[in-house]
Amino acid sequence: MALHFVTDDAASAHPGDAVSLTGSEAHHAAAVRRVRVDETVTLGDGRGAWLEGIVTAATPKQVDVRVTARTDLPAAAPRFVLVQALAKGDRDELAVQAATELGVDAIVPWQAARSVSRWDAKADKGIARWRTIVREAAKQAHRAWIPEVEGVARTTDLVTMAGTALVLVLEPSASDRLTVVASEAVDGRDVVLVVGPEGGIAPEELSALTDAGARLVRLGDTVLRTSTAGAAAISVLSAAHGRW
């Protein structure tokens, strides 16, 4: 499979055009991935544009590609949105990376009541970090659309989501299995998966979400870590909705 790179210039490029990678993307292409002249690569803008091309020049400062083909791929529908509770260490980052590789369409960091990690004074830095992780994971997975990382949500924001989206809260004690609920019709609504922190979702949060129309679902008879639950749930949805 051809190496894949991301550049905003892919948005307006067509067969016969030349696209240049510069900065960190050029360095990554030439020095890390070691692309060579006459090698076939793919380029994208992260918003559906998908180019095929031939490398015509390759240095760590600039890689030039002659575009040979273009495809415009639509965004997936329904959207799969992961609401990932902030977690200690790198567990939430691992969750974001895996969910991106497995097909999530948007990610919302959630400051849950039991989240050990607190972003109160460093939200901008945390969001920027997640966006970098998502971009690199999407490149690795050769995704035409890079998932959006939205602003930090509070539980009240999730309650609002439940009014317009199918909100599925991963809860080990739930009676409904995600494998059963996943294939139900969503009528164009987003499917929102809510993953709690290490200590689980607080009872008052569960009550607020279910009162707003969210559904509690479980993945199986075991309890998954916050770093793996979202990825497992995205896999179930992808199979149920024919993406896999």
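Residues numbered from 1 in each chain as written. Predicted model: local features only at pLDDT ≥ 70, side-chain atom pairs only at ≥ 80, totals over all residues. Heavy atoms only, no water.

Caption draft 1: Just helix α6 (residues 203-211), in detail. Those residues of α6 lying buried are Glu205, Leu206 and Leu209. Projected onto a plane normal to the axis of α6, the buried residues spread over an arc of 100° and lie on a single side. Pointing more than 90 degrees away from the buried face of α6 are the exposed residues Glu204 and Asp211. Packing partners of the buried residues in α6 comprise β7 (106-110), α4 (155-161), β9 (166-170) and β12 (215-218). Directly beyond the C-terminal end of α6, a positive phi value near 110° is found at Gly213. (Buried < 20%, exposed > 50% of the residue type's maximum accessible area, 1.4 Å probe, protein only. Helix = DSSP H or I, 4+ residues; strand = E, 2+ residues; numbered from the N terminus. Arc of directions from axis to C-beta. Contact = heavy atoms within 4.5 Å.)

Caption draft 2: Representation of the sheet that holds strand β1 (residues 3-6) in the model. Strand order in the open sheet formed by 5 strands is β1-β3-β4-β5-β2, with mixed pairing between adjacent strands. Looking at which strands have only one partner, the edges of the open sheet turn out to be β1 and β2 (18-22). Averaged over neighbouring strand pairs, the angle between their axes works out to 40° when direction is ignored. Its contacts with the sheet put helix α1 (residues 23-32) on β1, β2 and β5 (62-72), and the angle it makes with β2 is roughly 95°. (Pairing = 2+ DSSP bridges. Axes fitted to C-alpha atoms, helices over the stretch in contact; angles between N-to-C directions.)

Caption draft 3: Local environment of the packing of aromatic side chains. Considering all chains together, one arrives at 1 aromatic pair under this definition. When the centroid spacing of 5.1 Å and the interplanar angle of 70° are considered together, the rings of Trp119 and Trp130 count as edge-to-face. On the criterion of sequence distance, the pair formed by Trp119 in the loop between β7 and α3 (123-140) and Trp130 in helix α3 is long-range, its members being 11 residues apart. A relative accessible area of 7% places Trp119 in the buried class. Taking NZ or CZ as reference, Arg243 lies 3.7 Å from the ring centre of Phe80, over its face. (Phe/Tyr/Trp six-rings, centres within 6.5 Å; stacked < 30°, edge-to-face > 60°. Lys NZ or Arg CZ within 6 Å of the ring centre and 35° of its normal.)

Caption draft 4: The UniProt feature "domain: Ribosomal RNA small subunit methyltransferase E PUA-like" (unreviewed entry) in the protein chain, seen in detail. In the numbering used here, UniProt assigns the feature "domain: Ribosomal RNA small subunit methyltransferase E PUA-like" (unreviewed entry) to residues 21-67. Each end of residues 21-67 is marked by a C-alpha atom, and these two atoms are 13 Å apart; helix forms 21% of the span and strand 49%. (UniProt positions renumbered as here; feature names shortened; annotations may be inferred.)

Caption draft 5: Spatial organisation of the environment of Leu3. For Leu3, the position within the fold is in strand β1. For Leu3, a relative accessible area of 14% corresponds to the buried category. For the pair Leu3 and Lys139, spaced 136 residues apart in sequence, the C-alpha to C-alpha distance is 9.1 Å. For Leu3, the residues in contact, after removing those within four places along its chain, are Arg33, Val35, Glu39, Thr40, Val41, Thr42 and His142.

Caption draft 6: Up close: the domain arrangement of the protein chain. Each assigned domain of the protein chain is listed here: domain 1 (4-72) and domain 2 (80-241). Once you take the C-alpha centre of each, domain 1 and domain 2 turn out to be 32 Å apart. Across the boundary between the two partners, domain 1 contributes 8 residues, which contact 8 residues of domain 2. Counting the surface lost from both domain 1 and domain 2, the interface buries some 940 Å², and carbon and sulfur atoms represent 52% of this. (Domains from an automatic or database assignment. Buried area = accessible area lost by both parts, 1.4 Å probe.)

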